[in-house]
Structures are given as C-alpha cells and as structure tokens.
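Here is what each chain is made of, one letter per residue.
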Amino acid sequence: MRKYFIQTYGCQMNLHESEKLAGMLESLGYEFVSQPEEANLIIYVTCCIRENAEQKVYGHLGALKPYKVANPDVIVAVGGCMTQQSGAAEKLHKTFPFVDIIFGTHNLCEFERLLKEKQGRKKALIEIIEDNRERECIPMRRNSYPNAWVNIIYGCNNFCTYCIVPYVRGRERSRRIEDIVAEVKSLVQEGYKEVTLLGQNVNSYGNDVKGEEGYGDFADLLNAIGKEVKGDYRLRFMSSHPKDLSERLVQAIVANPNVCHSIHLPLQSGSTSVLKQMNRRYTREDYLAKVALIKKYMPDCSISTDVMVGFPGETDADYEDTLSLMKEVDFASAFMFVYSPREGTPAAKREDQIPAEISKSRIMRMVAEQNERTALHSKSYEGKTVEILCEDYDEKKNLYLGRDEYGRMGYFSSQENLIGKFVKIKVGKTVGISLYGEIVEVR
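Rules and cut-offs
Residues numbered from 1 in each chain as written. Predicted model: local features only at pLDDT ≥ 70, side-chain atom pairs only at ≥ 80, totals over all residues. Heavy atoms only, no water. Helix = DSSP H or I, 4+ residues; strand = E, 2+ residues; numbered from the N terminus. Buried < 20%, exposed > 50% of the residue type's maximum accessible area, 1.4 Å probe, protein only. Contact = heavy atoms within 4.5 Å. 1 Å grid on protein atoms, 1.4 Å probe; cavity = no way out; pocket = protein on both sides within 12 Å on 5 of 7 lines; lining within 4 Å. Points joined across faces, edges and corners; volume = space filled by probe spheres on them. Nonpolar A, V, L, I, M, F, W, Y, C, P; charged D, E, K, R; others polar. Phe/Tyr/Trp six-rings, centres within 6.5 Å; stacked < 30°, edge-to-face > 60°. Lys NZ or Arg CZ within 6 Å of the ring centre and 35° of its normal. Salt bridge = Lys/Arg side-chain N within 4 Å of Asp/Glu carboxyl O. Pairing = 2+ DSSP bridges. Axes fitted to C-alpha atoms, helices over the stretch in contact; angles between N-to-C directions. Core = buried A, V, L, I, M, F, W, Y, C linked by side-chain atoms within 4.5 Å.

Undergrad: How do you make sense of unusual backbone geometry when you look at a structure like this?
TA: When glycine is set aside, most residues are seen to have a negative phi, and most peptide bonds are trans. With an omega dihedral of 10 degrees, the bond running from Tyr145 to Pro146 counts as a cis peptide bond. With respect to the helices and strands, Pro146 occurs in the loop between β6 (125–127) and β7 (147–151). The amide bond that connects Met238 to the next residue, Ser239, takes the cis arrangement and shows omega of -5 degrees. Secondary-structure assignment places Ser239 in the loop between β11 (234–238) and α9 (247–255). Positive phi, close to 75 degrees, is recorded for Gln268, a residue that is not glycine. With a phi close to 60 degrees, Asn398 is a non-glycine residue in the positive phi region. Structurally, Asn398 is set in the loop between β15 (385–394) and β16 (399–403).

So this is what it looks like as structure tokens:
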C-alpha cells in the first residue's frame, strides 16, 4: 500500500494547501496514515512567520533521520513558506541530505510531477520557482468538516517591515468571483456548515485586477456569494488589513445574513510611530476610526486582533500606547506574540533590537491584561442561550465543542454525535475564553 503522512505548520492557508496535497495523493492511490513511521511518503508543509516555527521543522526532521536510514525507500518531502525563502532550500539540503524532495509555495500543485521525477533518482530533487501564477489543485481531501476553507486571493503586496510573507508568497493574485462562488456553493451543497474565505489580506481582493471582467472588490464578492449561495451556513473570512477595510465592505457584511459578525483586524501596535516603522500604512487614529465604523453598523460585532511586542525601537511609551488602545477597543480576544527577526526583512537589519528580557516582561503584562478582558467577554454569556456549530469532540473533557457566530468556543454534553449540527446551549459557566452549557435545541 502507498501510505502518506502530512505534518502542517502555521496558518489556515498552509492547512488548506495540505488538503490540496492530500487530494492529489489520494487520487494517485495513496492512503493517509496518522504517524510518520507508518508512511512511505512523509511531507512537511512549513511556516516561516516566526523562528520557532522553523525550529520545530528542524527538530522533527532530525528525529525522523533514524527511520529514514532504516527505510531508505521512504520519500521525505519538505515544502511551504520556509523553503521558499532565499537560500533556505540549500541550507535544508545541506543540514538534512536525506530529504528527497524540496519544493516551494509556488509549485505545490506540481508535486505529483515532482514525485514521479523522484522515482528511481538517488539525488535530492530541489525545485523552488519564483513564478507565482495562480494554480488550482483539484481534487482536495478536506479534513475539517463541518468547516471548509476557500482561497480568494494569494500573495501579499503590503511588505510590512517585519514580515517575510510577501517574499515567500509573492504578489497578490485574486481568483475570479464565479470560481469562488461555485466552490462555496458546492461546499454548502455537500453539507459544510461554515466556510472561511482565506487570503493574506482579504480586504484587498480584486485590487490586482481592477476593471477586468469577472472580478470586483471584496464587497462585490460577499454580495455575489450572498445572492448565489443559499442555505443554512456561516461565512467567515480572514485576515483583514485595517487600511483596506471600507464602509462599503462593512455594509456588505450587514446585508448578507450568512456572514458572521466577527472580524479579525490585526493591530500589531497602538503606537503611530511604530506603525509607521512597520509600514502598516495606518495610524492609531485610523485604526480606531475603523473600529468605530464596524461598531456603527454592527454594535454586536466581535473584534479580535493580533498584537506584536518588542518591535525594534519600541519604547515604553509605544508599549503603553498599545496597551491603552487594547483597553479602549476592548477586543473580544487577541493573539499576542513577541517580535521575531526574519532574515531578509528590513526590521531584522535594525540595530535597535529589543532585549529578550524586556520583551518577555511586556508580553506577560499584556497577556494578563487581555486575558482579564477576554474572561469578562465570556462572563457576559452566563445565563444566555447561544447557538453553537458543533465542530468536534474533546475526548479528555468528554464534551462536544464548537463556536458561536462571534468565535467564542462552547462545550456541552450529548449522548449522540452532533458534529455538523447547529446546537443552542444555555451557558451555565465560563472559564477563560470558553463557555460551558446544556443543550436547549438541535437543528
């Protein structure tokens, strides 16, 4: 039997690309296995957004070496963002010469060809291309029911000074509206209950093809999906760049009832000075104006964010600006992290890097303050009845789980499998970001 194993690191985009690889392999007769030691084809889809993501890959490859030595016919492949970085493929090959195939983000859909070319070849096959033209891999092996991801735009044009993504994902390339609508419609017809539209910056959808037939902006896309795709499902999207969030887009969210009133709006910093150095192209005041715009049309909207601590040159005053903005906005939740230098980015070359002990102190205080706010948001659910899309079963807790429209995770007990069902629960207690309740209704 041909058996494959895929380990994925990083964002939803990488997870979705792993689904494309899985679909390709299963069309070739491969069977998925859950452990690398059971496979004769092992693939790592990598991330390079932060240093620890790369270190995890190196650690797993090092641990895999004895298995590869004992089973030389096993093929080991590494792809994704990490390998697309300049010089990274060569470094990987030198460090781990037993890796058979090294490919990048732009030739993922060529993996079948690479696999065939590797057959009977002793030397490693390394292919990293710079051509980032849109390529679609069909079929896919989706493994996230009742949720599904749909790419709407690839690449990024923003070039934030700390970020490696534009260098490894290429420039923005939007898909045609009719193709996206058809994919979403097919998923809903297959029974998927939640579809997330993916892009490094979904708000800039269509900017690269303005005026061309078959395209539009992100508001046009949401309106097209709302018009053409009927059914009992939720529509989400991520991520949004604040500079491209428009009133027209917010109006489109309100106009289409399937679109969740939940927006992930990365802040990164609450200091206008730091934002300028990051090349974020908005100010503190601009960000607050976007939040006010969202709240004007959707007072119930749940806003989550990303926040970075320790960007080069960040002063105590800059840090306090970020804390005060987080308090003012009162984010429902936040992903907070310490800046990690990425080779090849402008910020990594700066000499005013923040000492690790200062960054650690800042992130700990920030996390503590935000966790209090997040817990209060959860606390407001107590005694209320909310609708959860049941997504999975937690064996340790012996409870089913899923999110409400606003992204809050809810847990509940059930004697029957309710994955894929919308379940109303009455919330009895909350712990941190989580809700715990009893079933009131299932549909």
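Undergrad: It is not clear to me how the environment of Leu21 should be interpreted in this structure. Could you clarify?
TA: Within the secondary structure, Leu21 is located in helix α1 (residues 12–27). In this structure Leu21 comes out as buried when scored by relative accessible area, which is 0%. On a C-alpha basis, the gap between Leu21 and Phe111 in space is 7.6 Å, while along the polypeptide they are 90 residues apart. Among residues more than four places away in sequence, those in contact with Leu21 are Ile6, Ile43, Val45, Phe103, Leu108 and Phe111.

Undergrad: Even after reading the chapter, I still don't get the layout of surface pockets, so can you show me in this structure?
TA: The gaps of empty space that remain are located by a probe, the size of a water molecule, rolled over the atoms. Approximately 420 Å³ is the volume attributed to the second largest pocket. Taken together, the elements giving at least two residues each to the lining of the second largest pocket come down to α2 (51–70), α4 (88–95) and α6 (165–169). Take the lining of the second largest pocket: its biggest share by element is 4 residues, from α2. Its residues assigned to classes, the lining of the second largest pocket shows 6 nonpolar, 6 polar and 6 charged.

Undergrad: Can you walk me through the packing of aromatic side chains in this structure?
TA: The description of an aromatic ring pair rests on the distance of the ring centres and on the angle between the ring planes. Enumeration over the complete set of coordinates arrives at 16 aromatic pairs. Arranged with centres 6.1 Å apart and planes meeting at 40 degrees, the rings of Tyr282 and Tyr287 form a pair that is tilted. The same class applies to Tyr282 as to Tyr287, namely buried. Taking 6.2 Å as the distance between ring centres and 20 degrees as the angle between the ring planes, the aromatic pair formed by Tyr400 and Phe412 counts as stacked. With a gap of 12 residues between them, Tyr400 in strand β16 and Phe412 in strand β17 (residues 409–412) connect regions that are remote in the sequence. Like Tyr400, the residue Phe412 is buried in the burial classification. Here the aromatic cluster, defined as three or more aromatic residues joined through ring pairs, consists of Tyr58, Phe96 and Phe98. Against the face of Phe32 rests Arg141, its NZ or CZ located 4.8 Å from the ring centre. The ring centre of Tyr215 lies 5.8 Å from the NZ or CZ of Arg176, which sits over that ring.

Undergrad: Any chance you could explain the pattern of salt bridges here in plain terms?
TA: Scanning the entire structure with this criterion turns up 30 salt bridges. In this structure, Glu127 and Arg113 form a salt bridge, with 2.6 Å as the shortest nitrogen-oxygen distance. One end of the pair, Glu127, is in strand β6; the other, Arg113, is in helix α5 (residues 111–118), and 14 residues separate them in sequence. For Arg113, a relative accessible area of 30% puts it in the partly exposed group. The structure contains a network of salt bridges with shared partners spanning Glu194, Arg234, Arg236, Glu391 and Arg403.

Undergrad: Quick question: what am I supposed to make of the sheet that holds β11 here?
TA: Each strand in a sheet pairs with its neighbour through backbone hydrogen bonds, running either in the same direction (parallel) or in the opposite one (antiparallel). Reading across from one edge, β7-β10-β11 is the order of the 3 strands in this open sheet, with parallel pairing throughout. On the outer flanks of this sheet lie β7 and β11, each paired with one strand and no other. Going from strand to strand, the sheet's axes swing by 25 degrees on average, the running direction of each strand aside. Strand direction decides the pairing type here: strand β10 (residues 194–198) and β11, joined by 5 bridges, are parallel. The partner of Leu198 across the bridge, within β11, is Met238. Together, β10 and β11 form the strand contacts of helix α8 (residues 218–228), whose direction differs from that of β10 by roughly 160 degrees.

Undergrad: Whenever I open this one, the nonpolar core confuses me. Can you help?
TA: As a rule of thumb, nonpolar side chains are buried together in soluble globular proteins. Grouped together as the largest cluster of nonpolar side chains are 67 residues, with contacts concentrated most on Leu197, Phe218 and Ile225. Not counting the four nearest positions on each side in its chain, Phe218 is found in contact with Ile152, Leu197, Val202, Asn203, Tyr205, Phe237 and Leu249. One finds Tyr9, Ala53, Val57 and Tyr67 within the second-largest nonpolar core, a separate group that totals 27 residues.

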